[in-house]
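Coordinate inspection notes
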Amino acid sequence: MKYKTLKGLQDILPPDISVWQHIEAGARDIFKNYGFQEIRLPVMESTDVFIRSIGETSDIVEKEMYTFQDKGGRSVTLRPEGTAPFVRAYVEHHLYNNPAPQKYYYMGPMFRYERPQAFRYRQFYQIGAEAMGIDDPKLDAEIISMLALILGSIGLVGLNFEITSIGCKNCRPGYRSALKKFLNDKIDKFCKDCQRRFDINPLRILDCKVPSCIESRQGSPPVLDFLCTECEGHFKSLKKYLDILSVSYTINPNLVRGLDYYTKTAFEVSSESLGSQKAVAAGGRYDSMVDEFGGPSTPGIGFAIGMERIIPLIKDSLSEPAGPDLLFCPLGDEAAVKAFLLTGQLRAEGLWVEMNLESTSLRSQMRKANRIGAKNVIVLGEDELKTGEISIKDMVSGEQNKSLLEVNQLIKIIRKET
Ligand code: HAM
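Keep in mind that what you see is a predicted model, and the values were worked out from it rather than measured.

Where helix α1 (residues 16-33) contacts helix α11 (residues 307-314), the axes come no closer than 10 Å and their chain directions differ by 110 degrees. In this view, α1 runs roughly perpendicular relative to α11, as classed from their interaxial angle. For the pair formed by α1 and α11, the contact residues are Val-19, Trp-20, His-22, Ile-23 and Glu-24 on the first element and Met-307, Glu-308, Ile-310, Ile-311 and Ile-314 on the second. Of the residues belonging to the contact of α1 with α11, the class tally is seven nonpolar, one polar and two charged.

Okay, here's the thing in structure tokens:
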């Protein structure tokens, strides 16, 4: 084989694609009920869009971005996530002028140069949602419950919703100093990256995946103990509203997100069935990002679902996609022309119709009908053309129904309206 997909990328083919479409359609329905509108953004942005927002010391920016120079010498990056490009668009198009909350969703590929493994790809798809302009914890609860509804509606069960608060620019400095104090006398046990992060961004040390760093940071002070009055109140209300909406959750004070832009609420949804890459969706509040992009101070909150992580969890529970409503099996050239015409007419009426284009024996045509799961079959030979009358075979019940070779009557029989 001369060419293959690149490492960490995959082709999505039928019948799997029907599972993707099922999830996307289900999510779209729910987004509509919550007042979210779709936006489509480029897959490529100026590299600066990601560096400050996601964080210079984050794994994504330090190691995982597909960054290159275009032919005009500009540094561009394939989007590793959707929130920073969304905020860029939000500010560029002055979307903050619309009544708040402004609610948007997106679906599409993201790119991270990570080490590929099960459920971790270099091109992966997210369904993301962002709600802007309101910092009331009711909105946080609404977003988390909408995520629960989307995941539940596509048949996911046994998920663990973890929430925390990671504070804001007022309380984070206190937490940062406490963490530094804790790490200070053991920093030489950490990897080189963490030693570098100690001075620039010690919070990132909590996100390091190196086993010795995970071990050495055991017992670090929990961020929830350092929240300011406002963040504490916000988190308390969030829990109250989640309870009102009957969303089950656990509080995980050690939840760390791989992105620097979060403030206050952060959450992650995981499934134990996925092993080490168990996060199926994640998100949080980002109240300072719009100002950092040059817009008016505007709070925001959102999440993204990882498609490749939810597909394996529901794939087996979905039935195979149905076959065509009707297959024409013409015998001979004249019958093929008549079947060709009727196929087009019936498709225009909204039926899924196929015809055999190869002139093979009746036996092999019937074999094909079974293979493609045709619900009805019409054999069209010389006699049928002469009399203008055919039999439609219902492939499930085996019943034969007589019909004239006429579009309206065929439709009625196929739709079982007679
Ligand atoms: P994230 O946690 O980086 O958040 O990614 C969200 C989800 O994308 C993860 O929980 C996971 O399911 C999926 N994911 C991430 N990396 C990979 C990968 N390499 N292969 C397969 N799936 C992956 C964000 O991206 C934020 N933008 C979410 C957000 C929106 N926060 C606020 N608004």
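Our next topic: the domain arrangement of the protein. When the domains of the protein are assigned, the result is domain 1 (17-171 + 227-317) and domain 2 (326-414). Relative placement of domain 1 and domain 2: their C-alpha centres are 49 Å apart.

A separate point is the site of the ligand. In the vicinity of the ligand there are 26 residues, among which Glu-81, Arg-112, Glu-114, Tyr-121 and Tyr-262 approach most closely. A distance of 3.0 Å separates a nitrogen atom of the ligand from a polar side-chain atom of Tyr-261. Calculation on the ligand without its partners gives an accessible area of 660 Å², and the protein chains cover 96% of this total. Mapped by element, the contributors of at least two residues to the shell around the ligand are β6 (123-132), β10 (279-285) and β11 (300-306). Top contributing element to the shell around the ligand by residue count: β10, with six residues. Here the shell around the ligand is built from residues that sort into 13 nonpolar, six polar and seven charged.

Glancing now at the packing of aromatic side chains. One pass over the full model with this rule turns up ten aromatic pairs. Taken together, a centroid distance of 4.3 Å and an interplanar angle of 15 degrees make the contact between Phe-31 and Tyr-105 stacked. Linking Phe-31 in helix α1 with Tyr-105 in strand β5 (residues 102-111), this pair joins segments that are 74 residues apart in sequence. With respect to burial, Phe-31 and Tyr-105 carry one shared label: buried. Where Tyr-66 meets Tyr-113, the ring centres are 5.6 Å apart and the plane angle is 80 degrees; that geometry is what we call edge-to-face. A residue pair is termed long-range when its members are at least 10 positions apart, and Tyr-66 in strand β3 (residues 66-69) and Tyr-113 in the loop between β5 and β6 qualify at 47 residues. For Tyr-66, a relative accessible area of 25% puts it in the partly exposed group. Among the aromatic residues, ring-to-ring pairing joins Phe-86, Tyr-90, Tyr-96 and Tyr-104 into one connected group. The side chain of Lys-186 reaches across the aromatic face of Phe-182, ending 3.9 Å from its centre.

Time to look at the layout of surface pockets. Looking at the second largest pocket, its volume works out to about 260 Å³. Considering the residues around the second largest pocket, the lining is formed by 13 residues, among which Cys-168, Lys-169, Lys-264, Asp-287 and Ser-288 are closest to the centre.

A few words now on helix α15 (residues 407-414). For α15, the full list of buried residues reads Val-407, Leu-410, Ile-411, Ile-413 and Ile-414. Buried positions in α15, seen along its axis, are confined to an arc of 165 degrees and lie on one side of it. In this structure, the buried residues of α15 make contact with β12 (326-330), α12 (333-348), β14 (376-380), β15 (389-394) and β16 (400-404). Of the residues one or two after α15, Lys-416 is the one with positive phi, at around 55 degrees.

Looking now at a negative patch on the surface. A cluster of acidic side chains, namely Asp-333, Glu-334, Glu-382 and Asp-383, defines a negative patch on the protein surface. Among the secondary structure elements, those contributing two or more residues to the negative patch are α12 and α14 (382-387). Looking at where Asp-333 falls in the secondary structure, it is placed in helix α12. A relative accessible area of 68% means that Asp-333 is categorised as exposed.

The subject of this paragraph is unusual backbone geometry. Cis geometry is found at the peptide bond from Pro-14 to Pro-15, where omega equals 0 degrees. Position of Pro-15 relative to the elements: it lies in the segment before α1. The residue after Ala-100, namely Pro-101, is reached through a cis peptide bond having omega -5 degrees. Backbone geometry at Phe-119 places phi at a positive 65 degrees, although glycine is not the residue there. Owing to a relative accessible area of 22%, Phe-119 belongs among the partly exposed residues under this scheme. One non-glycine residue, Lys-416, adopts positive backbone phi at about 55 degrees.

Moving on to the sheet that holds β5. As summarised here, the arrangement of the eight strands in space is β1-β5-β6-β11-β10-β9-β7-β8, forming an open sheet in which the pairing is mixed. Of all strands in the sheet, those bounded by a partner on one side alone are β1 (37-38) and β8 (250-251). Relative to β10, strand β9 (residues 263-270) is paired through six bridges, and the arrangement is antiparallel. Directly across from Ala-266, in β10, lies its bridge partner Gly-284. Relative to the sheet, α1 contacts β1, β5, β6 and β11, its axis offset from that of β6 by approximately 5 degrees. Contacts between helix α5 (residues 137-153) and the sheet are confined to β5, β6, β7 (160-165), β9, β10 and β11, with β11 contributing the most and set at about 15 degrees to the helix.

Parameters at a glance
- Residues numbered from 1 in each chain as written.
- Predicted model: local features only at pLDDT ≥ 70, side-chain atom pairs only at ≥ 80, totals over all residues.
- Heavy atoms only, no water.
- Axes fitted to C-alpha atoms, helices over the stretch in contact; angles between N-to-C directions.
- Helix = DSSP H or I, 4+ residues; strand = E, 2+ residues; numbered from the N terminus.
- Parallel < 35°, antiparallel > 145°, perpendicular 65-115°, else oblique.
- Contact = heavy atoms within 4.5 Å.
- Nonpolar A, V, L, I, M, F, W, Y, C, P; charged D, E, K, R; others polar.
- Domains from an automatic or database assignment.
- Near = heavy atom within 4 Å.
- Polar contact = N/O pair within 3.5 Å; in protein donor to acceptor, adjacent residues only side chain to side chain.
- Areas by Shrake-Rupley, 256 points an atom, 1.4 Å probe, with all protein chains shown as cover.
- Phe/Tyr/Trp six-rings, centres within 6.5 Å; stacked < 30°, edge-to-face > 60°.
- Buried < 20%, exposed > 50% of the residue type's maximum accessible area, 1.4 Å probe, protein only.
- Lys NZ or Arg CZ within 6 Å of the ring centre and 35° of its normal.
- 1 Å grid on protein atoms, 1.4 Å probe; cavity = no way out; pocket = protein on both sides within 12 Å on 5 of 7 lines; lining within 4 Å.
- Points joined across faces, edges and corners; volume = space filled by probe spheres on them.
- Arc of directions from axis to C-beta.
- Patch = residues over 30% accessible without salt bridge, like charges linked within 9 Å, V, L, I, M, F, W, Y side chains within 5 Å.
- Salt bridge = Lys/Arg side-chain N within 4 Å of Asp/Glu carboxyl O.
- Lys, Arg positive; Asp, Glu negative; His and termini not counted.
- Charge placed at Lys NZ, Arg CZ, Asp CG, Glu CD.
- Pairing = 2+ DSSP bridges.

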